[in-house]
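Residue strings, one per chain:
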Amino acid sequence: MNASPLLNQVAFTLGPVAVSVPVVVTWGIMAALAVGSGVLTRALHLRASRAQMALELIVTSIDSQIEATVQSDAAPFRVLVGTLFLFVLAANWIAVIPGVEPPTAHLETDAALAATVFVATIGYGIRANGLWGYLRTFAEPSWVMVPLNLVEQITRTLSLMVRLFGNVMSGVFVVGIVLSLAGLLVPIPLMALDLLTGAVQAYIFAILATVFIAAALGENRQKPADTVLKGPV
Amino acid sequence: MHFDWATFAFQLVNILVLMWLLGRYFFRPVTKIIAERQSEVDRLLKAAEASQAEAETARGAVQAAREAIAAERLKVIETAVGEAEARRAAMLAKAADEAAAAVANAQQAVTERLEGEQREQMGRAVDLAILITHKLLDELPAEARVTGYPERLSQVLNALSQERRAELAGSDGTLRIVAPRPLTKPETALAMAAVGAVAQNGALPVEVDAGLLAGLELRSSQGVIHNSLRYDLGRIAEALVSHEKR
């Protein structure tokens, strides 16, 4: 385990570019998620197996959370919010593998996630309200609020990033300290607690991203479908 | 704290690539199969609703048929009851008629039998009266069998109309006087005088019929002028029979 979670170890270099360990771990997570998805969704049937039911439960739960927050159809936001949730959850839980640090314990990963949410929020806001309509939302309820709303856009993105980074990094940090001081088996309860914390942080991150998107949409929301789920966009 | 921009860029690209991968290999197939199941469920629900509607329709038809059968059954029963009532009434009426006819026939038979017996008894009574009268007349003078009867015959002939007298006389020569015994000359003269109203061509022949007992009758092929004790006894017997009937 790395002695200081705040430092990025270089795994290898591609010419002048140094590829850090969190990037490699992220690639591993991506490969696992992609391959696992490909394998599990290869033979889906109307009569679902246990694994298929688990997959459908994940998707319908994500959809229900999105629809409850956005108050509109979940299809346009499913891939973004679902990917954020699944990646953050997998990245947080990767710490159970000995010697592997979660990528979310490094600020660059959390910054990339927050930047994705920031850009997606602006994109969804412009698509729903138009460029001028979206910009006018910064002047609500008054033009006086324009600076505050602009600052809020930045600060809430930073808070999104720092919240995830602080929680995951502190968990890794505490486990590393306890492991160095107490011994091999003592940090296990703390690691279990980290699993819970990681799940909660993944949920919080995804929900906050959904809330930001819902705020950007304003009143121009598509009503949720009653029964039929729409395909991914 | 150091911020590695290269790692940030890598992670940004990684997130975008992961979004594409999960969207392609996870969310799309899973949402597709959920949508297919939902559409299948909707199809099955519609089919079930259609089947239910068909079942309701069929049940309604069966119910209607059952009600029609019940109504038909009631109608048949009512018709049968009506026919049975009519047949019963007809049979009762026929039986009553037959019974009445039987009673009438029996009464008729009894009446005829009684009348026959009565007539027979009356006949015997007349015969007895004739016999008694015969005996009594035998003890009386021979004139008693004729005396008074020419006048009586004359009164009857005079009471007849001219046409009836002409009809009685006829033209076939069968007009004759019938007496219970051969008439004496004075009696013949009286008789001829009595029938003078119809005997326009002279004297009539006199025929003897002891069955008259007493009297003087006028007979022809066209009719008879009854004027005898025998006829009177018979008329009295018929009057008695008629009186008994009343």
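Fair warning: this is a prediction, and the values are worked out from it, not measured in the lab. (Residues numbered from 1 in each chain as written. Chains lettered and ligands numbered in written order. Predicted model: local features only at pLDDT ≥ 70, side-chain atom pairs only at ≥ 80, totals over all residues. Heavy atoms only, no water.)

1. Overview of the packing of helix H2 (residues 50-70) of chain A against helix H7 (residues 188-217) of chain A
For any two helices packed against each other, one specifies the inter-axial angle together with the distance between the axes. Residue and element names in this part refer to chain A. Close contact between H2 and H7 brings their axes to 9 Å; oriented N to C, the two are set at 40°. Put simply, H2 runs oblique to H7. In this structure, H2 meets H7 at a crossing whose hand is right-handed. Here Gln65, Ile66, Thr69 and Val70 of H2 lie close against H7, whose contacting residues are Tyr203, Ile207, Thr210, Val211, Ala214 and Leu217. A class-by-class count of the residues in the contact of H2 with H7 yields 7 nonpolar, 3 polar and no charged. (Axes fitted to C-alpha atoms, helices over the stretch in contact; angles between N-to-C directions. Helix = DSSP H or I, 4+ residues; strand = E, 2+ residues; numbered from the N terminus. Parallel < 35°, antiparallel > 145°, perpendicular 65-115°, else oblique. Left-handed = near helix turned anticlockwise from the far one by under 90°. Contact = heavy atoms within 4.5 Å. Nonpolar A, V, L, I, M, F, W, Y, C, P; charged D, E, K, R; others polar.)

2. Some remarks on the interface of chain B and chain A
Of the residues lining the interface, 33 residues belong to chain B; the matching set on chain A comes to 50 residues. Here chain B and chain A share an interface that buries about 3,700 Å² over both sides, 78% of which is from carbon and sulfur atoms. There are 1 salt bridge connecting chain B and chain A. Linking B:Arg37 and A:Glu56 is a salt bridge whose minimum nitrogen-to-oxygen distance equals 2.7 Å. (Buried area = accessible area lost by both parts, 1.4 Å probe. Salt bridge = Lys/Arg side-chain N within 4 Å of Asp/Glu carboxyl O.)

3. Description of the packing of aromatic side chains
Within the structure shown, the criterion is met by 9 aromatic pairs over all chains. Residues A:Phe77 and A:Tyr124 carry aromatic rings whose centres are separated by 4.8 Å and whose planes lie at 65° to one another, so their mutual orientation is edge-to-face. Of the two residues, A:Phe77 sits in helix H3 (residues 75-93) while A:Tyr124 sits in helix H4 (residues 107-129), which places them 47 residues apart along the sequence. Each member of the pair A:Phe77 and A:Tyr124 is classed as buried. Measuring from centroid to centroid gives 5.7 Å for B:Trp5 and B:Phe8, while their planes differ by 85°, and the two rings are edge-to-face. One end of the pair is B:Trp5 and the other is B:Phe8, both in helix H1 (residues 5-139) and 3 residues apart, which spans about a single turn. (Phe/Tyr/Trp six-rings, centres within 6.5 Å; stacked < 30°, edge-to-face > 60°. Buried < 20%, exposed > 50% of the residue type's maximum accessible area, 1.4 Å probe, protein only.)

4. Some points on a nonpolar patch on the surface
Residues and elements named next belong to chain A. Where nonpolar side chains cluster on the molecular surface, the patch consists of Phe12, Leu14, Val17, Val24 and Trp27 and spans about 380 Å² of accessible area. Residue assignment for the nonpolar patch shows that the elements contributing at least two residues are strand S1 (10-14) and helix H1 (21-40). Secondary-structure assignment places Val17 in strand S2 (residues 17-20). (Patch = residues over 30% accessible without salt bridge, like charges linked within 9 Å, V, L, I, M, F, W, Y side chains within 5 Å. Areas by Shrake-Rupley, 256 points an atom, 1.4 Å probe, with all protein chains shown as cover.)

5. Quick notes on the pairing of S2(A)
All names here are of chain A. One ladder, built from 4 bridges, connects S1 with S2; its direction is antiparallel. Within S2, the position partnered with Leu14 by the bridge is Val17. Counting the residues between successive antiparallel strands, the hairpin from S1 to S2 contains 2 residues, one of them, Gly15, with a positive phi of roughly 65°. (Pairing = 2+ DSSP bridges.)

6. Digging into the pattern of salt bridges
All names here are of chain B. Counting across every chain of the model gives 15 salt bridges over all chains. Across the pair Arg219 and Asp209 runs a salt bridge whose closest N-O atoms are separated by 3.3 Å. Taken together, the residues span a long stretch of sequence, with Arg219 in strand S3 (residues 217-220) and Asp209 in the loop between strand S2 (206-208) and S3 at a distance of 10 residues. For Arg219, a relative accessible area of 18% gives the class buried.

7. Points about the sheet that holds strand S4 (residues 223-225) of chain B
All names here are of chain B. Pairing in this open sheet of 4 strands is mixed, and the strands run S2-S1-S3-S4 from one edge to the other. Each of the sheet's edge strands pairs with one partner strand only, and the pair in question is S2 and S4. Taken over all neighbouring pairs, the strand axes of this sheet differ in orientation by 30° on average, direction set aside. As paired elements, S3 and S4 share 3 bridges and run antiparallel to each other. Along S4, the bridge assignment pairs Ser220 with Gly223.

8. Focus: the nonpolar core
A:Phe77, A:Leu113, A:Phe205, B:Phe26 and B:Phe27 are the most contacted members of the largest nonpolar core, which has 57 residues in total. Looking at this core, the elements that each hand over two or more residues are H1, H2, H3, H4, helix H6 (146-181) and H7 of chain A together with H1 of chain B. For this core, the element with the most residues is H1(B), which contributes 11 residues. Within the second largest apolar cluster, 28 residues are counted, among which are B:Met122, B:Tyr149, B:Leu175 and B:Ala199. (Core = buried A, V, L, I, M, F, W, Y, C linked by side-chain atoms within 4.5 Å.)

9. Here's the deal with the confidence of the model for chain A
If pLDDT is low for a region, its predicted coordinates should not be looked at in detail. Residues and elements named next belong to chain A. Here chain A averages 87 in pLDDT, and 91% of its residues register 70 or above. Least confident of the elements in chain A is S1, whose mean pLDDT is 85; most confident is H3, at 95. Note that pLDDT drops below 50 for residues 226-233; the model gives that stretch 27 contacts with residues more than four away or on any other chain. (pLDDT = per-residue confidence, 0-100.)

10. Remarks on H4(A)
For H4(A), spanning 23 residues, the distance from its first C-alpha to its last is 32 Å, which sits close to the expected 33 Å at 1.5 Å a residue. A positive phi of about 85° marks A:Gly130, the residue just after H4(A). (Expected span 1.5 Å × (residues − 1).)

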